[in-house]
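# Coordinate analysis (summary)
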Amino acid sequence: MFSKLLSSNSSDFLKILECDDITVKEAIESFIKAEDFDNKFLVFYEIVKKLKKKDC
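In this report, the structure presented in the accompanying data block is examined.

What counts as what
- Residues numbered from 1 in each chain as written.
- Predicted model: local features only at pLDDT ≥ 70, side-chain atom pairs only at ≥ 80, totals over all residues.
- Heavy atoms only, no water.
- Helix = DSSP H or I, 4+ residues; strand = E, 2+ residues; numbered from the N terminus.
- Rg over C-alpha atoms; globule rule 2.2 N^0.38 Å.
- Buried < 20%, exposed > 50% of the residue type's maximum accessible area, 1.4 Å probe, protein only.
- Salt bridge = Lys/Arg side-chain N within 4 Å of Asp/Glu carboxyl O.

## Some words on the overall build of the chain
Broken down by element type, the chain carries 4 helices and 0 strands. When the helices and strands of the chain are listed from N to C terminus, the series reads α-α-α-α. Taken over the C-alpha trace, the chain has a radius of gyration of 10 Å; the compact-globule value for 56 residues is 10 Å, and the two agree within 12%. Here the chain, with 56 residues, has 30% of them falling under the buried criterion.

This is the structure:
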């Protein structure tokens, strides 16, 4: 769903993720489906951070 946004603009994707406008499940699916994109490690880190926060 958000994989095209992630592929074209990872900064906007991260903003959406931080604002909770996207679920963790949607973020993971977008990460898997997205073509090559900038800041892969940072996006992965932010998704893991959300997962960890969700468990607490």
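On we go from here.
## Considerations on the pattern of salt bridges
Enumeration according to the criterion identifies 2 salt bridges in this entry. Asp20 is the partner of Lys50 in a salt bridge, and the nearest nitrogen-oxygen pair spans 2.4 Å. In this pair, Lys50 is assigned in helix α4 (residues 40–55) and Asp20 in the loop between α2 (10–18) and α3 (24–33), connecting sequence segments 30 residues apart. A salt bridge links Lys49 to Glu46; the shortest N-O distance between them is 3.3 Å.

## Considering the side chain of Ser10
Take Ser10: it is sitting in helix α2. Here Ser10 falls in the buried class, since its relative accessible area comes to 7%.

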